[in-house]
Amino acid sequence: EEEKRQQEEAEAEKRFQEAEEMEKQRLEEENRQQEEAVAESKRQEAEEVEKQRLEEEKRQQEEAEAEKRFQEAEEMEKQRLEEENRQQEEAVAETKLEDAEEAEKQLMEEEKRQGEEAEAEKKRQETEETEKLRLEKETRQQEEAVEERQRQEAEKAEKQRLEKKKQQHEEAEVEKKRQEAEEMEKQRLEEERHEQEGAETKRQEVEEAEKQRTEEERRQQEEAEAEKKRQEAEEMEKQRLEEKRQQEEAEAETKRQEAREAEKKSMEQETLQQEEAAEKERKEAEKVEKQPLEEEKLQQEVVEQKSIDVVAPQASPPKGYVLVGGYQIREEQLPTGCKGTTDIDSLITQVQARCSGFLDIGTQNALRFLLGCNLDVDECVRRAEGVAKWRKGQSMDELRAQLKAGLSACRSGAPSMSLPHQAEVSKLAILNPCALIAANGYPVSIWHVGSANSSAASSVKDDVLRAWSRGTFEYVDIWLSEQSELEGRLAGHIQVFNLSGISFWQISNSALIEKLKLVFSAGEHYLEAVTHIYVINSSSLFTVAWKLVKGFLSPRTAGKIHVDSGISKNLLAALDPASAKQLRSLVEHPRQDAPVLWPGAAGPIAIGGGSGVAAVKYS
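What you see is a predicted model; the values in this text were computed from it and never measured. (Residues numbered from 1 in each chain as written. Predicted model: local features only at pLDDT ≥ 70, side-chain atom pairs only at ≥ 80, totals over all residues. Heavy atoms only, no water.)

Along the backbone of the chain there are 15 helices and 9 strands. Put simply, the chain has 619 residues, and 28% of those count as buried. Surface exposure of the chain reaches about 40600 Å², of which carbon and sulfur atoms provide 52%. (Helix = DSSP H or I, 4+ residues; strand = E, 2+ residues; numbered from the N terminus. Buried < 20%, exposed > 50% of the residue type's maximum accessible area, 1.4 Å probe, protein only. Areas by Shrake-Rupley, 256 points an atom, 1.4 Å probe, with all protein chains shown as cover.)

This is the structure in structure tokens:
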């Protein structure tokens, strides 16, 4: 019995030493992680200082260039004034020599000059209006930059919070395992208590020492967390003061630039007006000369294409489809009463010719415009002018290039596709753009309208919603354009409106409705992009109202919309099996972090369970 007691004491001492060794390793790992975090913070600060230095050098260079242009303008103004003085002196001398008839001629010239001055004043006002719009655009871009920086800071804070939560969870797991080990040890010792009276005192001392050690560890951990929170608060305050300083400097610089611009415009105004008038006349003349040649060229290309088609006709499209402009489209996409497709090909040529002066419109887009405008060429041109103006004003070509770069990164192995302002918009409602892929490869987006948050309507800015809308629908257009060109079939976007959880208060909240309108505002600039709209989980009241409204819509429009009190069977049939399974999961448990897919990506594959939300793997 003594040998047995000594052996048990030795085993207890060994377990105690092993626990101390594990605790020592954990503390060393925490210290290492803290040192790495401090090093990363210092590196980021150094990068920020270098970035500010480069920006300051760039600003100084721009000021030097502006000062040089200002001096050149002053020299030009001085020469112009001297020329005017000379001309005035000559005019005075000429006036003294001319008779009454010459005086009458001068009066007529004065009236003509006044008319020219009025015309010049009108042009000056137009120039001021253009400059005002440019300044408003720059201000809006600065605001978007500030919002982007705030979003990044929020993401950083959220990441830190998740890491802290993960650390706490791991510590809780360790604590739980330790408590379980203590409980098992306590039960074993309780069973042997009557046989080991002598070992009872030793066990109590060990437990007391373990308790003191645990309390000491908890105290140290609380002190470490308090120190970490204090450092985080100091860092956030430092960042806030730095942002405030930068904002004040930016405002001061903006005011100085405005003053310099105002002074510069007052001196260069007359020269610029003359140059703009001459340039405008030259462009108009070139446009008038160029348009007939372009129309003749396009008509010649159509004639050549038709002759080629006669020699080598294309394969006939599958059942239910027709071939228009080289693309297969569903018969129900054609406007009511449309017979044949030859006339549509000629209409495509007309639309391209009339839009060539302001919008580079390909065959695919011309066909979408025609279908969206019921083959009305005049309406197509009007809508195309609006789209061209909108795209230029919102710098959509730059946004498209950025989205294509992200798409290329995904195809090269990047983990996911990112759309602008997704996190901010998710505060208003959970939206899953391009979260699924149909069996035919079309993108499928899910809008969880019932998740709309009325209290967040005022916190999400309108510019953020408009920017998200532009980015999302431009990305969908990239997808549809690529797939249409690849397959020779006019691809379309499938939208799913999930009304689960929608309430009367949401419907009657006008501020929330206006915010949701901004979310989908960019969609009006992409004609004939939507192929189907599925309204699922609708209430009985909505279903009855839809039956009444459906009678006032054209069959072509009504054919795109499907309303169901549950999940439409037609929708499930349109998806591949994996996407259909994922659809049920997203509808039952809406997620704001659902990945954005891309053309050619594999559909979602459920690989796990748990709380009801399946894990998803993408190749």
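Back to the write-up after that little detour.
On to the sheet that holds strand E4 (residues 443-448), then. The strand order across the open sheet built from 5 strands is E3-E4-E5-E6-E7, with neighbouring strands paired in mixed fashion. What marks the edges here is a single partner per strand, and that holds for strand E3 (430-437) and strand E7 (561-563). Strand-to-strand twist across the sheet, computed as the mean angle between neighbouring axes with direction ignored, equals 20°. Direction of pairing for E4 relative to strand E5 (residues 493-498): parallel, over a ladder of 5 bridges. What sits directly across from Val-444, in E5, is Ile-494. Helix H9 (residues 462-487) contacts E3, E4 and E5 of the sheet and is inclined by roughly 5° relative to E3. (Pairing = 2+ DSSP bridges. Axes fitted to C-alpha atoms, helices over the stretch in contact; angles between N-to-C directions. Contact = heavy atoms within 4.5 Å.)

Burial analysis of E3 places 8 of its 8 residues in the buried class, the great majority of the element. Two elements, E3 and E4, share 5 bridges in a ladder whose sense is antiparallel. Each residue of the ladder has a partner; that of Asn-432, found in E4, is Ile-446. Hairpin connection of E3 to E4: 5 residues between the antiparallel strands, including Gly-441 at a positive phi of 90°.

Attention now moves to helix H6 (residues 377-393). Along its 17 residues, H6 runs 24 Å from first to last C-alpha, staying within 8% of the 24 Å computed at 1.5 Å per residue. All buried positions along H6 are accounted for by Val-377, Cys-380, Val-381, Ala-384, Val-387, Ala-388, Trp-390 and Arg-391. By the N-cap criterion, in which a side-chain oxygen at the helix start approaches the backbone nitrogen of a residue two or three places on, H6 is capped by Asp-376, the distance to Asp-378 being 3.2 Å. Looking one or two residues beyond H6, the residue adopting positive phi is Ser-395, at roughly 55°. (Expected span 1.5 Å × (residues − 1). Polar contact = N/O pair within 3.5 Å; in protein donor to acceptor, adjacent residues only side chain to side chain.)

All right, on to the packing of aromatic side chains then. Under the criterion given, the structure shown has 5 aromatic pairs. Considering the side-chain rings of Tyr-475 and Trp-479, the 6.4 Å spacing of their centres and the 85° angle between planes classify their relative orientation as edge-to-face. Pair noted here: Tyr-475 and Trp-479 are both in helix H9, with a separation of 4 residues, about one helical turn. On the basis of relative accessible area, Tyr-475 is assigned to the buried category, the value being 1%. Judged by its relative accessible area of 1%, Trp-479 is buried. Their ring planes at 45° and their centres at 5.8 Å tell us that Phe-497 and Phe-520 sit as a pair that is tilted. With Phe-497 in strand E5 and Phe-520 in the loop between helix H11 (510-519) and strand E6 (530-536), this pair connects stretches of sequence that are 23 residues apart. Pairwise contacts between aromatic rings join Trp-447, Trp-468, Phe-497 and Phe-520 into one cluster. (Phe/Tyr/Trp six-rings, centres within 6.5 Å; stacked < 30°, edge-to-face > 60°.)

With that out of the way, let us pick up the nonpolar core. The biggest cluster of nonpolar side chains holds 41 residues, and the ones touching the most others in it are Tyr-475, Leu-571, Leu-575 and Leu-583. Mapped onto this core, the elements with two or more residues apiece are helix H7 (396-411), E3, E4, H9, E5, E6, helix H14 (569-574) and helix H15 (577-588). Considering each element in turn, this core owes the most residues, 6 residues, to H9. Apart from the residues within four sequence positions on either side, Leu-571 is in contact with Ile-494, Val-496, Tyr-534, Ile-536 and Leu-583. One finds Val-324, Leu-359, Cys-373 and Val-377 within the second-largest nonpolar core, a separate group that totals 26 residues. (Core = buried A, V, L, I, M, F, W, Y, C linked by side-chain atoms within 4.5 Å.)

This part takes up a negative patch on the surface. Together, Glu-13, Glu-20, Glu-21 and Glu-28 line one region of the surface with negative charge. Residue position: Glu-21 is located in helix H1 (residues 2-97). (Patch = residues over 30% accessible without salt bridge, like charges linked within 9 Å, V, L, I, M, F, W, Y side chains within 5 Å. Salt bridge = Lys/Arg side-chain N within 4 Å of Asp/Glu carboxyl O. Lys, Arg positive; Asp, Glu negative; His and termini not counted. Charge placed at Lys NZ, Arg CZ, Asp CG, Glu CD.)

Looking now at the confidence of the model for the chain. Caution applies to low-pLDDT regions: their predicted coordinates should not be interpreted in detail. The share of residues in the chain with pLDDT of 70 or more is 86%, and the mean pLDDT across the chain is 81. With pLDDT under 50 throughout, residues 302-314 is counted as low confidence; its partners more than four residues away or in other chains account for 2 contacts. Segment residues 603-619 is flagged for pLDDT under 50; beyond a separation of four residues in sequence, or across chains, it makes 36 contacts in the model. (pLDDT = per-residue confidence, 0-100.)

We now examine the pattern of salt bridges. One pass over the structure, following the stated rule, counts 53 salt bridges. Measuring nitrogen to oxygen at the nearest pair gives 2.5 Å for the salt bridge that ties Glu-237 to Arg-240. Of the two residues, Glu-237 and Arg-240 both sit in helix H3 (residues 197-311), 3 residues apart, roughly one turn of that helix. Looking at Glu-237, the relative accessible area reads 37%, which means it is partly exposed. The network of salt bridges with shared partners includes Glu-175, Arg-178, Glu-182, Glu-210, Arg-213 and Glu-217.

So, on to unusual backbone geometry. Non-glycine residue Asn-374 carries a positive phi angle of around 55°. Within the element layout of this structure, Asn-374 appears in the loop between helix H5 (363-372) and H6. At Asn-537, a residue that is not glycine, the phi angle is positive and equals roughly 55°. Judged by relative accessible area, Asn-537 falls into the partly exposed class, the value being 22%.

Residues of H11 that are buried: Leu-512, Lys-515, Leu-516, Leu-518 and Val-519. What you see down the axis of H11 is that its buried residues fit within an arc of 155°, all on one side. Looking at the buried side of H11, the elements it contacts are helix H8 (422-428), E3, H9 and helix H10 (504-508). At the N-terminal boundary of H11, the capping side chain belongs to Asn-509, with an oxygen 3.1 Å from the backbone nitrogen of Ala-511. (Arc of directions from axis to C-beta.)

Another point: the packing of H7 against H9. Across the interface, H7 lies against H9 with an axial gap of 10 Å and an inter-helix angle of 65°. You can see that H7 and H9 cross each other, and the crossing is right-handed. Across the interface between the two elements, Met-396, Leu-399, Arg-400, Leu-403, Lys-404, Leu-407 and Arg-411 from H7 touch Arg-470, Gly-471, Glu-474, Tyr-475, Asp-477, Ile-478, Ser-481 and Glu-482 from H9. For the contact of H7 with H9, the residue count by class is 6 nonpolar, 2 polar and 7 charged. (Left-handed = near helix turned anticlockwise from the far one by under 90°. Nonpolar A, V, L, I, M, F, W, Y, C, P; charged D, E, K, R; others polar.)

Tracing the backbone shows Tyr-526 in the loop between H11 and E6. Through-space distance from the C-alpha of Tyr-526 to that of Arg-368 is 8.5 Å; in sequence the pair is 158 residues apart. Residue contacts for Tyr-526: discarding those within four places in its chain leaves Trp-390, Arg-391, Met-396, Arg-470, Phe-473, Glu-474 and Asp-477. A polar atom in the side chain of Tyr-526 sits 2.4 Å from the side chain of Glu-474.

What follows covers the environment of Val-530. Among the secondary structure elements, Val-530 is positioned in strand E6. Setting aside residues no more than four positions away along its own chain, Val-530 makes contact with His-493, Gln-495 and Lys-560.

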